[in-house]
Amino acid sequence: MNNRIYLCLAHMSGAEMSYIQEAFDTNWVVPLGPNVNGFEADLERFVGCDKKVVALSAGTAAIHLGLIQLGVKPGDEVICQSFTFCASANPVTYLGATPVFVDSESETWNMNPALLETAIQDRIKKTGKKPKAIIPVHLYGMPAKMDEILAIAAHYEIPVLEDAAEALGSEYKGQKCGTFGHFGALSFNGNKMITTSGGGALVVPDEEAKKKTMFYATQARESFPYYQHEEIGYNYRMSNICAGIGRGQMTVLEEHIAHHRHVHDLYAMFFADMEGIILHHAPNADYRPNYWLSTILIDPEKTGFDYEQLRVALDAANVETRPLWKPMHLQPVYKDNPCYVDGTSEKLFQKGLCLPAGPWVTDEDVRYIVDTIKEAIV
Ligand SMILES: *Cc1c(COP(=O)(O)O)cnc(C)c1O
């Protein structure tokens, strides 16, 4: 039996320990310090576009602080892609606001611009006010249709908060995901493109927004010698130890991205002759996904298998796979929220599977996974 092949296991460069050691040697074992500044500078260089970056305790915290700065308050509505992980939408709920869910289109699997516009118009008609923000997601690292989404957002003057938690390094028309919106959220959780063991970051437009984000992330402490608070803050800053891991990870980020793309290319080659399995891929050259996970749709009529049977077969062959994200409008916790859907994400959820694509997945592993699928199905 082969060793188990996982979806996306963390992979260290070796440089992480030296940054952590330095933090210990200089006694910077606190939630600020040289590694935090260094990691932020690395990320700012990486995403480009003159953006600033604030390192935080989680991607979820990044979305939360972004929404606060967009003025989201109790009773407001925020439009959110339905086909996503719950962390895209939950911070809206933390603020006493209501997520309004919009379905995906079938090319990128991300927010459908036509349904976005329908939703905006209908919410204005029904509530008399505009949604406060739009949260598109670059799911599985596939860039959303940003030109269309940004044009609609600009037309209705609604700010965009991009959820780029799965899309570190993905590009749309040569620009990094996370830099298109007013804010962009990144995640460095254990199974993302890079990890800080747990962490995230908010991409912000300028130095002033960076200061404001840091203020909210450190309990909204005013500049007095004593502790003065005029607003509610949070304890969301990344620690200097976690940022040390992040700095080490930044040295291998480009390699990780290249590897994820290589694994996707292999799947594309091996699945090319296979009826009933469709590998999710970029619609055209404007889209340059990081291919965080490679994902497939399984046609039950052509293969005689549904995604769950295939998941169980692969699990028995020691391969970890996972169904696609269950859309938020189908989640019990969000069942009463307004939603603008056409069945696209529901169908994807019923047909799809995520395949291993992390830094530890070898060419032989990909061949083994595809062979296992072929043997199971034929
Ligand atoms: C992982 C993830 C997040 C949240 O990031 P955390 O760092 O785990 O809080 C948000 N949105 C999406 C789409 C994610 O995959």
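Fair warning: this is a prediction, and the values are worked out from it, not measured in the lab.

Visitor: I'd like to hear about the site of the ligand, residue by residue, with values.
Guide: Of all residues adjacent to the ligand, which total 15 residues, the nearest are Thr 60, Asp 163, Glu 166, Ser 187 and Lys 192. Within the contact set of the ligand, an oxygen atom lies 2.6 Å away from a side-chain nitrogen or oxygen of Glu 166. A distance of 2.8 Å separates an oxygen atom of the ligand from a polar side-chain atom of Asn 189. When isolated, the ligand has an accessible area of 380 Å², and the protein chains bury 94% of it. Its residues placed into classes, the shell around the ligand shows five nonpolar, seven polar and three charged.

Visitor: Got a sec to walk through the pattern of salt bridges? Specific residues and values, please.
Guide: Counted under the stated rule, the structure contains 17 salt bridges. Across the pair Glu 231 and Lys 212 runs a salt bridge whose closest N-O atoms are separated by 3.9 Å. Highlighted residues: Glu 231 in the loop between helix H7 (207-217) and helix H8 (240-250) and Lys 212 in helix H7, separated in sequence by 19 residues. For Lys 374, the salt bridge identified is with Asp 273, shortest N-O distance 3.3 Å. Of this pair, Lys 374 sits in helix H13 (residues 363-377) while Asp 273 sits in the loop between helix H9 (253-271) and strand S10 (277-279), and the two are 101 residues apart along the sequence. Judged by relative accessible area, which is 62%, Asp 273 ranks as exposed. A cluster of three or more residues bridged by salt bridges with shared partners is formed by Glu 40, Glu 44, Lys 210 and Arg 237.

Visitor: Go over the packing of helix H2 (residues 34-47) against H8, please, and point to the residues and values.
Guide: Close contact between H2 and H8 brings their axes to 7 Å; oriented N to C, the two are set at 35 degrees. With respect to the hand of their crossing, H2 and H8 are arranged in left-handed fashion. Only Asn 240, Ala 243, Gly 244, Gly 246, Arg 247 and Met 250 of H8 make contact with H2, whose side of the interface consists of Pro 34, Asn 35, Val 36, Gly 38, Phe 39, Asp 42, Leu 43 and Phe 46. The class makeup of the residues in the contact of H2 with H8 is seven nonpolar, five polar and two charged.

Visitor: Break down the sheet that holds strand S3 (residues 98-102) for me, with residues and values.
Guide: As summarised here, the arrangement of the four strands in space is S4-S2-S3-S14, forming an open sheet in which the pairing is parallel. Where the open sheet ends on each side, the last strands, each with one partner, are strand S4 (133-135) and strand S14 (339-340). Across three bridges, the pairing between strand S2 (residues 77-81) and S4 is parallel. Its bridge partner being in S4, Cys 80 is matched across the sheet by Ile 135.

Cut-off values and rules
Here the residue numbers are simple positions, counted from 1 along each chain's written sequence. Only residues with pLDDT of at least 70 get local features here, since the model is predicted, and only at 80 or more are side-chain atom pairs given and counted; chain-wide, interface and lining totals rely on the full set of residues. In computing side-chain values, all of the structure's heavy atoms are included and hydrogens and water are not. The cutoff for a nearby residue is simple: one of its non-hydrogen atoms must lie within 4 Å of the molecule or strand. For this analysis, a polar contact is any N or O atom pair within 3.5 Å, provided that within protein one partner can donate a hydrogen and the other can accept it, and provided that sequence-adjacent residues contribute only side-chain to side-chain pairs. Method for areas: the Shrake-Rupley scheme with a 1.4 Å probe, in which residue coverage is limited to the protein chains shown. By the convention adopted, Pro, Cys, Tyr, Trp, Phe, Met, Ile, Leu, Val and Ala count as nonpolar, Lys, Arg, Asp and Glu as charged, and the other residues, Gly among them, as polar. By definition here, a salt bridge exists when the distance from a side-chain nitrogen of Lys or Arg to a carboxyl oxygen of Asp or Glu is within 4 Å. The helix count covers DSSP runs of H or I at least four residues long, the strand count covers runs of E at least two residues long, and both are numbered beginning at the N terminus. Accessibility here uses a 1.4 Å probe with only protein chains present; expressed as a share of the type maximum, an area under 20% marks a residue as buried, one over 50% as exposed, and anything in between as partly exposed. An axis is simply a line fitted to the C-alpha atoms; with a helix, the fit covers only the stretch in contact. Between two such axes, the angle follows the N-to-C directions and lies from 0 to 180 degrees. When the near helix sits turned anticlockwise from the far one by under a right angle, the crossing is termed left-handed; a clockwise turn instead gives a right-handed crossing. Note on contacts: a residue pair is in contact if any heavy atoms of the two residues lie within 4.5 Å. By the convention used here, strands pair only if DSSP detects at least 2 bridges between them.

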